[in-house]
Amino acid sequence: MPRLFTIILFLSAFQLSAQVPSQSSSEIFQNIKKLNVLGSVLYIAAHPDDENTLMLSYLSKDQLVRTGYLSLTRGDGGQNLIGAEQGYNIGVIRTQELLAARRIDGAQQFFSRAYDFGFSKTREETLNFWDKDKVLGDVVWMIRKFQPDVIITRFPPDPRAGHGHHQTSAFLAEQGFSLAADPKSYPDQLKFVKPWQAKRLVWNTYTPGFTNKQPTEEKSPFISVEIGGYNPVLGTSYTEIAAQSRSQHKSQGFGSSPQRGARIDYFLHKVGEPAQKSLFDGIDVSWKRVKGGDRIQPMITNAIKSFSVNKPSASIPELLKINAALIRLDSTNIYVQAKKEEVKELILQCAGLWFETNPDDYSQVAGDTAAVKISVVKRSDYPVKLVALHWTGKEKDSSVNMTLADNELEIFAVNPVLPANLKVTQPYWLEKPIDKGLFQIDNQQDIGFPENRPETVTTFKFQIGGQPFTLSRPWIYKSTDPAEGEIYRAFEIRPAVTATITEPVFIFPSLEPKSVTIVVEAQRKNVSGSVKPEIPAGWKAVPESAEFKLSGKYQQQNFSFIITPPANNQEAKLRATATVDGKIYDRSLRTIAYQHIPSQTIFPSSEAKLARIDVKTTVKNIGYIAGAGDDVPTALRQMDCQVTMLNEAGLAKDLSVYDAIVVGVRAYNTEGYLANAQPKLMDYVKKGGTMVVQYTIPGDRKVKEIGPYPLELSRDRVAEEDAEMRFLLPEHPLLNYPNKITQKDFDGWIQERGLYFAQSWDKANYQALFSANDKDETLKEGGVLYAQYGKGHYIYTGLSFFRELPAGVTGAYRLFANMISAGKK
């Protein structure tokens, strides 16, 4: 039975790494071998999923070098195949997916401040949106901080890369290669890091023929590397590791099957000293590169030779010798620092030490008392003493001086009072509004980190073989799910109360008032105060405020306020604030929960958009077929439509009750049942129904013919959100009824005009309504196609309504209202 100890302490903040899972003997042996390798590689690209997970796996687990992936963005501008999150919300998801991938392939994950604003076709457009100097500075910062011997880019710095972000990632990497070594470049960084010159930068390409060499590359050598090998220690191949890693990108639908067998990758020299045979030509990756390191290598070699799979603890004496020798080396050397941490972790793993801190709830308010359990267990016969436990903010350690028994769990119950100045657990890159394509991050030392450095921690002090070891671990909440088993979740600091407006946009098509709901949630017990909708002059809220009294933690109360718009068309911002004991709280609460990532909670400003606009519809009853996930149904309800979500069972019923049926983004790519439902949907149109199909990806469709007449889709898009929209048929009913569409309706669009346009169609039956193009590109007319079929109306649109409507773009509402109203005059 575990023994229980009670300690009353105060807690403050500290920085630390997360709990490291227990390793098998083979993994321990692999990591002992890694102690003898002193090399590093930094891989640079633009987005989550750009990285070559096979290359990362090979570098980390075969070459045993420190391996990092710098993704310039968090993938905020991409599509979401698992839910409706967009923008920085999908960036939060993809950050966690990347971290899950890195835990598998063994690389470290880093980011710059760049915000993924969506597809870009040129480097010039990308750099015009981002602040080049700042993003380049982030690349220089990470090169100086990580100190790679080799830098690898996934793309070339020119149009061969396709996406403008891809081009930019390579362009900035090549510039950063030289600037990182120049002390005159970004000198403010040198308070924390030193100039660093990597040996070379290469472009990782699949085949030599793929490169289409530019004139400056004609004499650049290629090298090839076999990276598909099998690791007998780990019992798996690098292709299998890579497939598992890539499959973590679930929001992008990138589940992958491993391709077993040989795999050769190619590298084109770009900058620095060319390699002839190996990425590490001319780079000493042995202990010879560290002054005094010649004494270390034989000790590690001996530890490798004497390792026992059946008894890893037998390696602890040799590892303790290595640790003692490392302490005598230059502590500012990055490899000495890294190997100290690796040896420390190996000693803990060989000793079978497991320790963590678990609060009894997943959140708490700063200044309140938390109930916490600290657990420690040693699962080996090697003697280990737990000397002390320490909470930051306490002047002295809490002495324990306990020799841990073999496989006996020790539990310490503590009730610390959280410091009142602890920050709310908002992702650090979201603490301030996005500005000109960049996350606003004030602290230079925060840049690069994938997530927040925890503020609630416990420090454990052990003595092993007479040597002291101090380790800090974050508090982490855990629970048991009946289906999933043990679930871990980061411990959160929350404001005392949150006020969440239930919808991001409220559309007022007339002077009729609408009810707006604000959800007030207590984040501690016994919270009382008032909630108020703050609106600009001309708008009216009834009541002006409301009182709440919440006795239970997480208790919610919904408040409805009747909002009346002004007579004239205008847009405004609604803010919700709650006042408790004279303090104003203006944060909402949003939890992003999927099984494949830890739950993520963010606290955006409690705001919504109000828009009084002239938008009319002639339909009320809409059927909606959801695809990859979007919030278009919510927007339809804002136009006073009744929306019924149609699944396979719903489509089997009478469809004639619907004035229009809307197909969600990618539905024809994700929903297999549509193959059987398609004939019925076409019959619905033929008999007088209206059907609006949003963008579909041309490949991997569940339905071959998505329209009543032939049309071929493409990957064509118009990425410039302000591109001119030319009216090809200005008198067409879709542009005139019930709303007169003008150029003004295309003002204020976000991220793009549209994507996955049709590239060819039956021109005898389809009518193209618009043409548009990005700068210096040909006109594209496949953004909206209309066809009359029988008595009904069919519309395919690649315009990005799935982005524009949730963002409250008023012109998008008016145009979409015309589409769904096509059959009712």
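See the structure shown above.
Here's what I pulled together on the structure shown here.

Criteria and cut-off values
- Residues numbered from 1 in each chain as written.
- Predicted model: local features only at pLDDT ≥ 70, side-chain atom pairs only at ≥ 80, totals over all residues.
- Heavy atoms only, no water.
- Helix = DSSP H or I, 4+ residues; strand = E, 2+ residues; numbered from the N terminus.
- Buried < 20%, exposed > 50% of the residue type's maximum accessible area, 1.4 Å probe, protein only.
- Areas by Shrake-Rupley, 256 points an atom, 1.4 Å probe, with all protein chains shown as cover.
- Lys, Arg positive; Asp, Glu negative; His and termini not counted.
- Charge placed at Lys NZ, Arg CZ, Asp CG, Glu CD.
- Pairing = 2+ DSSP bridges.
- Axes fitted to C-alpha atoms, helices over the stretch in contact; angles between N-to-C directions.
- Contact = heavy atoms within 4.5 Å.
- Arc of directions from axis to C-beta.
- Phe/Tyr/Trp six-rings, centres within 6.5 Å; stacked < 30°, edge-to-face > 60°.
- Lys NZ or Arg CZ within 6 Å of the ring centre and 35° of its normal.
- Salt bridge = Lys/Arg side-chain N within 4 Å of Asp/Glu carboxyl O.
- Core = buried A, V, L, I, M, F, W, Y, C linked by side-chain atoms within 4.5 Å.
- Right-handed = clockwise from strand over helix to strand, strands pointing away.
- Parallel < 35°, antiparallel > 145°, perpendicular 65-115°, else oblique.
- Left-handed = near helix turned anticlockwise from the far one by under 90°.
- Nonpolar A, V, L, I, M, F, W, Y, C, P; charged D, E, K, R; others polar.
- Expected span 1.5 Å × (residues − 1).

**Considering the overall build of the protein chain**
1) Next: The secondary structure content of the protein chain amounts to 16 helices and 46 strands.
2) Next: The principal-axis extent of the C-alpha atoms belonging to the protein chain is close to 85 × 70 × 55 Å.
3) Next: Buried positions account for 57% of the 825 residues belonging to the protein chain.
4) Next: Of the roughly 33700 Å² of accessible surface on the protein chain, a fraction of 50% belongs to carbon and sulfur atoms.
5) Next: The positive charge centre, built from 96 side chains, and the negative charge centre, built from 91, are 3 Å apart in the protein chain.

**Digging into the sheet that holds strand E34 (residues 621-625)**
1) Next: Across the sheet, seven strands lie side by side as E35-E34-E36-E37-E46-E45-E43; this open sheet has mixed pairing. Here the strands that pair on one side only, and so sit at the sheet edges, are strand E35 (642-645) and strand E43 (766-768). For this sheet, the mean inter-axis angle between neighbouring strands, taken without regard to orientation, is 20 degrees.
2) Next: Note: E43 against strand E45 (residues 784-789), three bridges, orientation antiparallel. The residue of E45 that forms the bridge with Tyr-766 is Ala-787.
3) Next: Taken strand by strand, helix H14 (residues 674-686) contacts E34, strand E36 (660-663), strand E37 (690-693), E45 and strand E46 (792-797), and its axis lies near 130 degrees from that of E46.
4) Next: Across the sheet, helix H16 (residues 810-820) lies against E34, E36, E37, E45 and E46, angled at about 135 degrees from E37, the strand it touches most.

**Describing helix H8 (residues 296-306)**
1) Next: Ile-296, Met-299, Ile-300 and Ala-303 are the residues of H8 that are buried. Burial along H8 is one-sided: seen end-on, the buried residues are contained in an arc of 100 degrees.
2) Next: Of the surrounding elements, those touching the buried residues of H8 are helix H1 (25-34) and helix H9 (316-327).

**Observations concerning the pairing of strand E11 (residues 353-359)**
1) Next: Taken across its seven residues, E11 has seven buried, putting it largely inside the fold.
2) Next: Residues Leu-353, Phe-355, Thr-357 and Pro-359 point to one face of E11 and Trp-354, Glu-356 and Asn-358 to the other, with burial holding for every one of them.
3) Next: Relative to strand E13 (residues 372-378), E11 runs antiparallel, the two sharing seven bridges. Across the sheet, the residue bridging to Asn-358 is Lys-373, located in E13.

**Comments concerning unusual backbone geometry**
1) Next: Omega for the bond connecting Val-542 with Pro-543 falls within 30 degrees of zero, at -5 degrees, which places this linkage in the cis form.
2) Next: As for its placement among the helices and strands, Pro-543 is situated in the loop between strand E26 (540-542) and strand E27 (546-550).
3) Next: Residues other than glycine seldom take positive phi values, yet Asp-49 does so here, at roughly 95 degrees.
4) Next: With respect to the secondary-structure elements, Asp-49 resides in the loop between strand E2 (40-45) and helix H2 (53-61).

**Concerning the packing of aromatic side chains**
Two measures describe an aromatic ring pair: the distance that separates the ring centres and the angle between the ring planes.
1) Next: Counted under the stated rule, the structure contains 27 aromatic pairs.
2) Next: With 5.1 Å between their ring centres and 10 degrees between their planes, Tyr-362 and Tyr-554 make a pair best called stacked. Linking Tyr-362 in the loop between E11 and strand E12 (363-365) with Tyr-554 in the loop between E27 and strand E28 (556-564), this pair joins segments that are 192 residues apart in sequence.
3) Next: Ring centres 6.3 Å apart and planes at 5 degrees place the aromatic pair Phe-460 and Phe-462 in the stacked group.
4) Next: Connected via pairs of aromatic rings, a cluster forms that spans Phe-727, Phe-746, Trp-749, Phe-770, Phe-801 and Phe-816.
5) Next: Over the ring of Phe-254 we find Arg-246; its NZ or CZ atom is 4.7 Å from the centre of that ring.
6) Next: Positioned above the aromatic ring of Tyr-362 is the side chain of Arg-489, whose terminal nitrogen or guanidinium carbon lies 4.0 Å from the ring centre.

**Description of the pattern of salt bridges**
1) Next: A full pass over the atoms with the stated rule returns 37 salt bridges.
2) Next: A salt bridge links Asp-149 to Arg-289; the shortest N-O distance between them is 2.8 Å. You can see Asp-149 sitting in the loop between helix H5 (132-146) and strand E5 (150-153) and its partner Arg-289 sitting in the loop between strand E10 (264-272) and H8, a full 140 residues away along the chain.
3) Next: Taking the relative accessible area as the measure of exposure, Arg-289 reaches 28% and is therefore partly exposed.

**Some thoughts on the nonpolar core**
1) Next: Ile-625, Leu-636, Leu-674, Tyr-794, Phe-816 and Ile-820 are the most contacted members of the largest nonpolar core, which totals 82 residues.
2) Next: Here this core takes seven residues from H16, the largest share from any one element.
3) Next: Not counting chain neighbours up to four residues away, the residues in contact with Tyr-794 comprise Met-682, Val-685, Met-691, Val-693, Ile-706, Gly-707, Pro-708, Leu-711, Tyr-766, Leu-785, Tyr-786 and Ala-787.
4) Next: Core analysis: the second largest hydrophobic core is formed by 54 residues, Ala-351, Val-372, Leu-389 and Trp-391 among them.

**What about the pairing of E34?**
1) Next: Among the five residues in E34, five count as buried, and that is most of the element.
2) Next: Burial along E34 is two-sided: the residues Asn-621, Gly-623 and Ile-625 and Ile-622 and Tyr-624 are all buried.
3) Next: Direction of pairing for E34 relative to E35: parallel, over a ladder of four bridges. In the sheet register, Asn-621 faces E35, and the bridge partner there is Gln-642.
4) Next: Running through helix H11 (residues 632-638), the crossover from E34 to the neighbouring parallel element E35 is right-handed.
5) Next: Bridge count between E34 and E36: four bridges; the pairing is parallel.

**What to know about the sheet that holds strand E24 (residues 514-522)**
1) Next: Spatially, E22-E24-E28-E26 is the arrangement adopted by the four strands of the open sheet, whose pairing is antiparallel. A single partner strand is all that each edge strand has here, and the edge strands are strand E22 (497-501) and E26. Across the sheet, the axes of successive neighbouring strands diverge by a mean angle of 30 degrees, strand direction being ignored.
2) Next: When E26 meets E28, the two strands line up antiparallel, connected through three bridges. In the strand pairing of E28, Ala-541 is matched with Ile-563.

**A few points about the packing of H1 against helix H10 (residues 334-350)**
1) Next: Running from N to C, H1 and H10 point in directions that differ by 155 degrees, and their axes come no closer than 10 Å. Between H1 and H10, the angle falls in the class roughly antiparallel. Relative to H10, the crossing made by H1 is left-handed. For the pair H1 and H10, contact is made by Ile-28, Asn-31, Ile-32 and Lys-34 and by Lys-339, Glu-342, Leu-346, Gln-349 and Cys-350, respectively.
2) Next: For the contact of H1 with H10, the class distribution of residues is four nonpolar, two polar and three charged.

**Considering the environment of Ala-161**
1) Next: Inspection of the secondary structure assignment puts Ala-161 in the loop between E5 and helix H6 (164-179).
2) Next: For Ala-161, a relative accessible area of 11% puts it in the buried group.
3) Next: Sequence separation between Ala-161 and Trp-391 is 230 residues; the distance between their C-alpha atoms is 50 Å.
4) Next: Those residues within four positions of Ala-161 in sequence are excluded, and the remaining contacts are Phe-155, Pro-156, His-166 and Gln-167.

**Overview of H9**
1) Next: Taking 1.5 Å as the rise per residue, H9 with 12 residues should run 16 Å; its terminal C-alpha atoms sit 16 Å apart, in good agreement.
2) Next: All buried positions along H9 are accounted for by Ile-316, Glu-318, Leu-319, Leu-320, Ile-322, Asn-323, Ala-325 and Leu-326.

**Quick notes on the side chain of Gln-30**
1) Next: By the secondary structure assignment, Gln-30 is in helix H1.
2) Next: Aside from chain neighbours lying at most four places away, what touches Gln-30 is Lys-61, Leu-64, Asn-231, Val-233 and Leu-234.

From the geometry alone we can't say anything about function, so treat these as descriptive.
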